[in-house]
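This is what each chain is made of:
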Amino acid sequence: MSIFLLFQTDSWKSRASRVLFGVFDSRAKALDYAKYNDLYWHNSQVVVVEVKLNEFGEV
């Protein structure tokens, strides 16, 4: 199972500048939310990160 985290960040996409805007069950929903709420600007970027849940493995 995967969830998708929606972040708005600066144009360099540094982790220090990320602002969490939501957790979604699909990438399409996250991008639709970003478009609807005008998260795309000339000096900012939108990053969607996929996180896998309930996966265990050996390190």
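Residues numbered from 1 in each chain as written. Predicted model: local features only at pLDDT ≥ 70, side-chain atom pairs only at ≥ 80, totals over all residues. Heavy atoms only, no water.

Remarks on the overall build of the protein chain
Thought 1: Scanning the protein chain for helices and strands turns up one helix and three strands.
Thought 2: Listing each helix as α and each strand as β along the protein chain from the N terminus yields β-β-α-β.
Thought 3: Accessible surface, the protein chain as shown: approximately 4700 Å² in total, 55% of it carbon and sulfur.
Thought 4: The positive charge centre, built from 7 side chains, and the negative charge centre, built from 7, are 4 Å apart in the protein chain. (Helix = DSSP H or I, 4+ residues; strand = E, 2+ residues; numbered from the N terminus. Areas by Shrake-Rupley, 256 points an atom, 1.4 Å probe, with all protein chains shown as cover. Lys, Arg positive; Asp, Glu negative; His and termini not counted. Charge placed at Lys NZ, Arg CZ, Asp CG, Glu CD.)

A closer look at the packing of aromatic side chains
Thought 1: Taken as a whole, this structure holds one aromatic pair when the rule is applied.
Thought 2: Both rings, one in Phe-24 and one in Tyr-33, keep their centres 5.4 Å apart while their planes meet at 50 degrees; by these two values the pair is tilted.
Thought 3: Sitting above the plane of the Phe-7 ring, Arg-18 keeps its charged end 5.1 Å from the centroid. (Phe/Tyr/Trp six-rings, centres within 6.5 Å; stacked < 30°, edge-to-face > 60°. Lys NZ or Arg CZ within 6 Å of the ring centre and 35° of its normal.)

Points about unusual backbone geometry
Thought 1: Notably, Lys-13 is not glycine yet its phi reads approximately 55 degrees, a positive angle.
Thought 2: Note that Lys-13 resides in the loop between β1 (2-10) and β2 (19-24).
Thought 3: Its relative accessible area of 47% is what places Lys-13 among the partly exposed residues. (Buried < 20%, exposed > 50% of the residue type's maximum accessible area, 1.4 Å probe, protein only.)

Quick word on the nonpolar core
Thought 1: Of all hydrophobic cores here, the largest spans eight residues; its members are Phe-4, Leu-6, Phe-24, Ala-30, Ala-34, Leu-39, Val-46 and Val-48.
Thought 2: For this core, the elements supplying multiple residues, two or more each, are β1, α1 (27-36) and β3 (44-52).
Thought 3: In contact with Leu-6, other than residues within four places in its own chain, are Val-19, Leu-20, Phe-21, Gly-22, Phe-24, Ala-30, Tyr-33, Ala-34, Leu-39, Val-46, Val-47 and Val-48. (Core = buried A, V, L, I, M, F, W, Y, C linked by side-chain atoms within 4.5 Å. Contact = heavy atoms within 4.5 Å.)

Examining the side chain of Gln-8
Thought 1: Examined against the element boundaries, Gln-8 turns out to sit in strand β1.
Thought 2: Exposure remark for Gln-8: the relative accessible area of 17% places this residue in the buried category.
Thought 3: A polar contact is formed between the side chain of Gln-8 and the backbone oxygen of Leu-39, at a distance of 2.8 Å.
Thought 4: Once you skip the residues sitting within four places of it in the chain, Gln-8 turns out to touch Ser-17, Arg-18, Val-19, Phe-21, Leu-39, Trp-41, Ser-44 and Gln-45. (Polar contact = N/O pair within 3.5 Å; in protein donor to acceptor, adjacent residues only side chain to side chain.)

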